[in-house]
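# Fold and geometry: a report
Here is how the chains run, residue by residue.
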Amino acid sequence: MHYNYREIEKKWQDLWEKEKVFKVSDNDKEKYYVLEMFPYPSGNLHMGHVRNYSIGDVVARYKKMNGFNVLHPMGWDSFGLPAENAAIKRGIHPNDWTWSNIENMRRQLKELGISYDWDREVATCHPDYYKWTQWMFLQLYKNGLAYKKKSFVNWCPSCTTVLANEQVVNGKCERCKSDVGKKDLEQWYFKITKYAQRLLDDIQMLDGWPDKVKTMQQNWIGRSEGVEVDFKVDGMDKSVRVYTTRPDTIYGVTYMVIAPEHSIVKELIAGTEQEKQCNEFIEKMKFLNEIARTSNETEKEGVFTGRYVINPLNGDKVPLYLANYVLAEYGTGVVMAVPTHDQRDFEFSKKYNLPLKVVIQPDGVTLNTSEMKCAFEEVGFLVNSDKFNGIKSDQAIGKIIDYIEEKGFGERKINFRLRDWLISRQRYWGAPIPVIYCDDCGTVPVPEEELPVILPTDVKFTGVGESPLAGSQSFVAAKCPKCGKVGRREVDTMDTFVCSSWYYLRYTDPCNSKEPFGKKSTDYWMPVDQYIGGVEHAILHLLYSRFFMKALHDMGYVSQEEPFKNLLTQGMVLKDGIKMSKSVGNVVSPEEIIDKYGADTARLFILFASPPEKDLEWSDQGVEGCYRFINRVWRIIDEFLPLIKNAGEIDKSSLTEQDKEIRYVINYTIKKVTDDIGERFNFNTAISAVMELINALYAYKEKVKDEDKNKAVLKEAVDSLVIMLAPFIPHATEELWSLMGRSGSVHNQQWPKYDTEALVKDQIEIVVQINGKVRDKLVVPSKLNQKELEEIALSNDKTKELIDGKAVVKVIAVPGRLVNIVVK
């Protein structure tokens with residue numbers, strides 16, 4: 001029997017699609033929702049996709065065979081800038097380019113044999129989907145969670161669009177790698193900061209998430225406890241408010257720094273001798289992004305404003321500087337500087353010859369400012385701090401905050417690093433923001449019954465300037481829903497992360513035309529039991545999805561507050577130690593591998609080569625080895641087919657030693673594979689265990705003549721083998737199951753249970769040691785006690801020979817393992 005993967009894989013893919021084998025519906029069974037992060041339809045699958053979806057498919061198939069009602073959907077995160085770039089470069093409309101790519105990638109996924117319910121497919125660029133994305137915007141707007149404001153925002157000059165903080169990586173646009181600058185624009189925001197504390201608190205309860213991801217979110221949210229203090233501007237009826245987590249150092253403030261873009265700066269510098277120099281500095285800062293400005297590697301720069309502020313605790317008058325490392329969006333946009341106890345402030349003060357003042361001394365040491373080479377940032381005892389002198393600095397924090405509040409200088413405050421989510425994008429290929437601007441009525445949301453606001457087709461793609469939508473008169477001119485006069489539509493579209501922040505909910509009820517999803521469906525399916533995707537989405541997609549779920553819960557649309565119960569972040573696929581990339585030239589095409597070896601081989605290798613959370617090094621030899629293994633499985637089952645077709649049930653009373661040995665391996669493998677898939681997702685060790693079973697079956701085949709082979713035992717072995725391999729190599733196992741004469745699909749079979757009796761061996765191998773060194777091995781009855789084991793070891797001829805003439809000092813017998821004889 002020949003293993004013809006081309007014929008076999010096509011046969012079963014066509015049958016699965018025709019019979020809708022993986023279609024699922026709500027019912028009374030226990031559910032299991034497994035989901036891989038949906039892809040951007042760039043045109044072709046890469047090996048990272050193959051790995052992600054193969055991992056999810058094993059979980060889905062395994063859970064189905066364990067009796068769960070499994071939801072395993074697929075769709076397309078299909079809005080985004082690459083489609084517009086294609087329109088500019090190739091003269092093809094983004095819609096045509098996107099749907100062509102979707103068609104090709106859908107075909108590739110079907111060729112991999114992934115068990116998706118294709119009837120639930122969604123695409124974020126389809127009006128039936130983005131209608132509900134717009135509906136989500138309106139719900140957030142109605143509940144005070146969507147608003148518009150003018151502010152300095154991250155601006156990518158290449159993509160000509162605004163970027164959220166999370167989309168700026170090391171000062172560059174995460175997509176095109178251009179340097180990101182600043183631009184003063186009016187933009188739409190989602191008020192994610194309202195949920196900062198809940199996002200922080202609830203992540204502690206996500207026991208199924210990697211600690212690394214939870215830590216990344218905690219750091220990004222960045223909760224801190226401190227105090228806000230008002231410093232009066234000398235000579236003006238104005239104050240600037242400072243937030244600090246180190247009030248224990250407040251008596252040591254020798255200068256203050258303020259963000260160049262702070263709203264009060266223009267008023268502060270007006271009419272001063274420093275005004276021209278300050279304005280030049282402000283303009284310079286517009287071309288630097290937040291990441292670059294706050295980086296430890298960036299030189300700290302500043303300009304004196306010509307103003308002084310007064311420390312309310314000691315009356316000190318200190319200079320106020322503009323500084324590149326202070327941001328208006330963080331804290332209050334004003335920072336008190338204590339150079340003796342903060343290294344960044346120390347370096348700034350040295351550069352601009354600003355004074356130093358020690359207010360914390362190490363125990364038993366006196367710091368001299370003229371001798372200090374760096375800031376003292378550790379815990380010590382307060383000095384030069386009035387009534388707080390002598391108090392340990394970490395204990396003084398609370399006391400000084402109490403004093404500040406008592407005197408009315410300020411108040412306790414909890415701050416978060418997290419900023420509101422900037423969602424406006426100057427792009428065409430995204431969900432239009434459903435808002436109309438009317439000269440009489442102001443900002444007016446589009447009524448829900450008028451959704452979706454459809455993307456127009458009469459647009460030009462130049463790659464520069466404002467949103468391409470601004471050039472479409474048919475789109476821009478719109479009747480005001482309130483007064484009926486002609487107004488103008490919002491021409492920005494939404495960040496594509498808005499579309500992907502709720503797609504997992506749409507899968508639960510994808511054909512619903514009256515609402516984005518029915519609550520009955522989400523109550524049954526949500527939360528996602530197992531989510532699978534890259535760790536790079538930790539502070540983007542994963543954080544935004546959590547925010548959406550909490551907001552929808554508070555509005556009464558869902559019962560759950562968290563979208564994903566368990567999270568697996570798979571590693572990358574590498575070749576020659578480097579991530580596969582077209583630019584590097586080390587890409588291996590999935591289609592090449594499928595054509596040469598078949599989809600089952602591609603899946604098996606990608607699952608066997610490494611644990612899913614670790615990076616995987618590509619190996620042509622490894623692929624070849626997996627192909628040979630599938631053929632090896634094929635051959636041995638082919639040889640056993642005549643023996644197992646009419647086999648009966650196992651008669652345990654008539655089992656030979658060889659039967660017991662092979663049954664031990666069979667049942668050990670079932671237990672091992674069950675534990676590895678079901679408990680730990682250790683697919684590589686599960687596959688390795690099945691390989692050991694194949695070796696044992698070949699050994700059994702060689703040792704036992706056909707007429708002596710136990711047909712019932714072989715049937716147990718072959719049935720279990722094919723079912724255990726089914727999640728990994730679904731096409732080959734489906735064909736083998738059919739050839740074995742078994743009814744129904746192998747993927748609808750119950751997962752095998754191991755026989756605990758078979759795991760108890762009648763005889764086992766132990767080692768005999770003399771003075772700790774292994775000298776012999778003995779096969780003995782498994783139930784021997786210490787005394788019996790000791791007697792057998794001492795009476796063994798080889799042992800007698802080895803200890804002849806020596807005195808036995810002690811015998812250590814460990815049942816089931818070893819006997820160590822100590823002699824001298």
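Here, the structure is the one placed above.
In this text, all values refer to a predicted model and were calculated from it rather than measured experimentally.

### Things to note about the overall build of the protein chain
The helix and strand tally for the protein chain stands at 26 helices and 34 strands. Dimensions along the principal axes, computed over C-alpha positions, put the protein chain at roughly 105 × 80 × 50 Å. Burial status across the protein chain gives 55% buried among its 824 residues. As displayed, the protein chain has an accessible area near 36300 Å², and 47% of this comes from carbon and sulfur atoms. Treating the 110 positive side-chain charges of the protein chain as one cloud and the 118 negative ones as another, the clouds have centres 0 Å apart.

### Let's talk about the pattern of salt bridges
Under the criterion given, the structure shown has 54 salt bridges. For Glu17, the salt bridge is made with Lys110, and the minimal N-O distance between the two is 2.9 Å. Of this pair, Glu17 sits in helix H1 (residues 5–19) while Lys110 is found in helix H4 (residues 94–111), placing the two residues 93 residues apart along the sequence. For Lys110, a relative accessible area of 25% puts it in the partly exposed group. Residues Glu111 and Arg107 are paired through a salt bridge, measuring 3.0 Å at the closest nitrogen-oxygen approach. Taken as a pair, Glu111 and Arg107 lie in helix H4 at a separation of four residues, close to a single helical turn. A relative accessible area of 34% places Arg107 in the partly exposed class. Connected through salt bridges with shared partners, the residues Lys652, Arg663, Glu716, Asp755 and Glu757 form a single ionic network.

### So, empty space enclosed by the protein
Scanning the model with the defined rule gives one cavity of 30 Å³ or more in all. In this structure, the largest cavity spans a volume of roughly 50 Å³. Phe152, Lys182, Pro260, Glu261, Ile282, Met285, Lys286 and Arg293 are the residues that line the largest cavity. Among the residues making up the lining of the largest cavity, the classes are represented as four nonpolar, no polar and four charged.

### Structural notes on helix H24 (residues 730–739)
Taken across its ten residues, H24 has eight buried, putting it largely inside the fold. Of the residues one or two after H24, Gly741 is the one with positive phi, at around 85°.

### Some thoughts on unusual backbone geometry
At the junction of Leu451 and Pro452, the peptide bond is cis and its omega measures out at 5° in the coordinates. In the segment running from Met526 into Pro527, the intervening peptide bond is cis, with an omega of 0°. With respect to the helices and strands, the residue Pro527 is situated in the loop between helix H16 (519–525) and strand E26 (530–533). A positive phi angle is found at Asp386, which is not glycine, with a value near 55°.

### As for helix H3 (residues 81–90)
Residue pairs spaced three or four apart in an α-helix point in one direction, given the helix's 3.6 residues per turn. Within the sequence span of H3, burial applies to Leu81, Ala83, Glu84, Ala86 and Ala87. Residues of H3 that are buried in the fold lie against H4. Looking one or two places after H3, you find Gly91, whose phi comes out positive at around 70°.

### Focus: the environment of Lys810
Within the element layout of this structure, Lys810 appears in strand E33 (residues 808–814). Through-space distance from the C-alpha of Lys810 to that of Gly144 is 80 Å; in sequence the pair is 666 residues apart. For Lys810, the contacting residues outside a window of four places in its chain are Asn820, Ile821 and Val822.

### Notes on the sheet that holds strand E21 (residues 435–438)
Hydrogen bonding along the main chain pairs the strands of a sheet, whether they run parallel or antiparallel. If you trace the four strands from one edge of the open sheet to the other, you get E22-E21-E24-E23, paired in antiparallel fashion. Where the open sheet ends on each side, the last strands, each with one partner, are strand E22 (442–445) and strand E23 (477–479). The average undirected angle you get between the axes of adjacent strands in this sheet is 45°. In this sheet, strand E24 (residues 486–489) lies alongside E23 in antiparallel orientation, the contact comprising three bridges. Residue Ala478 lies in a different strand from E24, and its bridge partner there is Gly487.

How each quantity is defined
- Residues numbered from 1 in each chain as written.
- Predicted model: local features only at pLDDT ≥ 70, side-chain atom pairs only at ≥ 80, totals over all residues.
- Heavy atoms only, no water.
- Helix = DSSP H or I, 4+ residues; strand = E, 2+ residues; numbered from the N terminus.
- Buried < 20%, exposed > 50% of the residue type's maximum accessible area, 1.4 Å probe, protein only.
- Areas by Shrake-Rupley, 256 points an atom, 1.4 Å probe, with all protein chains shown as cover.
- Lys, Arg positive; Asp, Glu negative; His and termini not counted.
- Charge placed at Lys NZ, Arg CZ, Asp CG, Glu CD.
- Salt bridge = Lys/Arg side-chain N within 4 Å of Asp/Glu carboxyl O.
- 1 Å grid on protein atoms, 1.4 Å probe; cavity = no way out; pocket = protein on both sides within 12 Å on 5 of 7 lines; lining within 4 Å.
- Points joined across faces, edges and corners; volume = space filled by probe spheres on them.
- Nonpolar A, V, L, I, M, F, W, Y, C, P; charged D, E, K, R; others polar.
- Contact = heavy atoms within 4.5 Å.
- Pairing = 2+ DSSP bridges.
- Axes fitted to C-alpha atoms, helices over the stretch in contact; angles between N-to-C directions.

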